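Topology and contacts: notes
The lines below spell out each chain.
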Amino acid sequence: MPIRETNPDRDSHMIALQALVWALGDPRRAERLLDTTGLSPQSLREGAGDPAVLAAALGFLEAHEPDLIACAESLGVSPALLVQARESLENL
């Protein structure tokens with residue numbers, strides 16, 4: 001179920017996890033994510049709850065605007081909310 005931007009209790013971790021799942025849903029994008037972030041499949045699995053890993057995944061999307069917009073549309077949030085979630089995770 002997508003997170004709705006009107007939800008006052010939205011959580012940066014949950015948004016980032018959903019964005020990560022979305023990013024990994026396409027094999028070419030998933031490979032690009034791993035190559036760009038330097039993460040391995042193992043480190044990604046182990047770090048899926050780590051704010052730094054989640055921020056890196058959101059940063060990956062943010063670096064390619066078409067992916068950022070497509071992901072935001074899929075999750076039912078604004079691209080700005082994904083950027084805010086990254087910023088929040090980086091400040092934890």
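Procedures and definitions
- Residues numbered from 1 in each chain as written.
- Predicted model: local features only at pLDDT ≥ 70, side-chain atom pairs only at ≥ 80, totals over all residues.
- Heavy atoms only, no water.
- Phe/Tyr/Trp six-rings, centres within 6.5 Å; stacked < 30°, edge-to-face > 60°.
- Lys NZ or Arg CZ within 6 Å of the ring centre and 35° of its normal.
- Core = buried A, V, L, I, M, F, W, Y, C linked by side-chain atoms within 4.5 Å.
- Buried < 20%, exposed > 50% of the residue type's maximum accessible area, 1.4 Å probe, protein only.
- Helix = DSSP H or I, 4+ residues; strand = E, 2+ residues; numbered from the N terminus.
- Contact = heavy atoms within 4.5 Å.
- Arc of directions from axis to C-beta.

According to the stated counting rule, one finds zero aromatic pairs in the structure shown. The ring of Trp22 has Arg29 sitting right over it, with the charged end atom 3.7 Å from the ring centre.

This part covers the nonpolar core. Ranked by internal contacts, the top residues of the largest apolar core, which has 27 residues, are Ala19, Leu44, Leu58, Leu61, Cys71 and Leu82. Where this core is concerned, the elements lending two or more residues are helix H1 (12–24), helix H2 (27–37), helix H4 (51–62), helix H5 (65–75) and helix H6 (79–90). For this core, the leading source of residues is H4, giving seven residues. The residues contacting Leu61, other than those within four sequence positions of it, are Ala19, Trp22, Ala23, Asp67, Leu68 and Cys71.

Below, the discussion takes up H2. Residues of H2 that are buried: Arg29, Ala30, Leu33 and Leu34. When H2 is viewed along its axis, its buried side chains cluster within an angular range of 140° and face the same direction. In H2, the exposed positions that point more than 90 degrees away from the buried face belong to Pro27, Arg28, Asp35 and Thr36. Where H2 is buried, its residues meet H1, helix H3 (41–46), H4 and H5. Looking one or two residues beyond H2, the residue adopting positive phi is Gly38, at roughly 80°.

Any functional reading would require information beyond the geometric quantities listed.
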